[in-house]
Amino acid sequence: MKIVLLGAPGAGKGTQATRIAEKYGIVHISTGDIFRKNLKEGTPVGLKAKAYIDKGQLVPDEVTCEIVETRLKESDCEKGFMLDGFPRNVMQAEALDKMSDIDLVLNIAVDLDKLMARLTGRRVCKECGESYHISTLQSAKCAKCGGEIIQRADDTEETVGKRLGVYTEQTQPLIDYYSKKGLLKSVDGMKDIDDVFAEVVKVLDGISGRA
Ligand code: AMP
């Protein structure tokens, strides 16, 4: 199963991706996570990406596409993979067309007006990336791994505003791009996490026999 998860920042791609990876045993590739790991380790890619991430802009396509191309060549991707946060614009989608045949693009559809509150209230585990919301947060430590819970530097109001603008201008056109190719399926991302996942499973079970 080779799938792409599409959705605005804060649509719940990461949360659904973790569950999909657990249930279907497919590799989860998040370009945002790859950049954050490189940033933490101070690698050349991390240093290059930092300025863009801090401003809520997209890291240049050459850098991003090369990372994905290299990752998809690793042996664990042979049986399938799930891309989360890539492609983010039409140029990246065209590059992906040359790298692999995608079975399905799953769009997590959300009301853009609600995302500011979701994202500025988001807190994540510094160690494992598990996502929480400040309104329901029970502890300063991650329930999964005990790691410290922090706010992502790009989840501030100013940067979120820019990221949502980038999404509308550059990523949203991919809905049309994949719809025309007959690859797009949408689920309602405004429901609660379990209900969204139930919809996701219905869609994926529908294709898993043939993908
Ligand atoms: P995310 O965790 O997916 O919200 O990504 C965080 C940040 O990483 C984005 O705001 C971008 O600066 C960068 N990033 C992640 N994926 C991509 C991509 N496919 N193309 C360009 N930049 C990306």
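Scroll up to find the structure this text is about.
Residues numbered from 1 in each chain as written. Predicted model: local features only at pLDDT ≥ 70, side-chain atom pairs only at ≥ 80, totals over all residues. Heavy atoms only, no water.

A. Expanded view of the pairing of strand S3 (residues 81-84). Burial of S3 is two-sided: the residues Phe81 and Leu83 facing one way and the residues Met82 and Asp84 facing the other way are all buried. As paired elements, strand S1 (residues 2-6) and S3 share 4 bridges and run parallel to each other. Bridge pairing links isoleucine 3 to methionine 82 in S3. The sheet contact formed by strand S2 (residues 27-30) and S3 spans 4 bridges and is parallel. Paired with valine 27 across the strands is phenylalanine 81, a residue of S3. (Buried < 20%, exposed > 50% of the residue type's maximum accessible area, 1.4 Å probe, protein only. Helix = DSSP H or I, 4+ residues; strand = E, 2+ residues; numbered from the N terminus. Pairing = 2+ DSSP bridges.)

B. Layout of the sheet that holds strand S7 (residues 149-150). As summarised here, the arrangement of the 3 strands in space is S6-S5-S7, forming an open sheet in which the pairing is antiparallel. With partners counted over all chains shown, the strands left at the sheet margins are strand S6 (131-133) and S7, one partner each. Bridge count for strand S5 (residues 122-125) against S6 is 3 bridges, and the pairing is antiparallel. For arginine 122, the partnering residue across the bridge sits in S6 and is histidine 133.

C. Layout of the sheet that holds S3. Within the open sheet, the 5 strands sit side by side as S2-S3-S1-S4-S8. Their pairing is parallel. Because the sheet does not close on itself, it has two edges, and the strands there are S2 and strand S8 (184-188). Neighbour to neighbour, the strand axes of the sheet diverge by 20° on average, direction disregarded. (Axes fitted to C-alpha atoms, helices over the stretch in contact; angles between N-to-C directions.)

Spatial relationships are all this shows, so hold off on functional conclusions.
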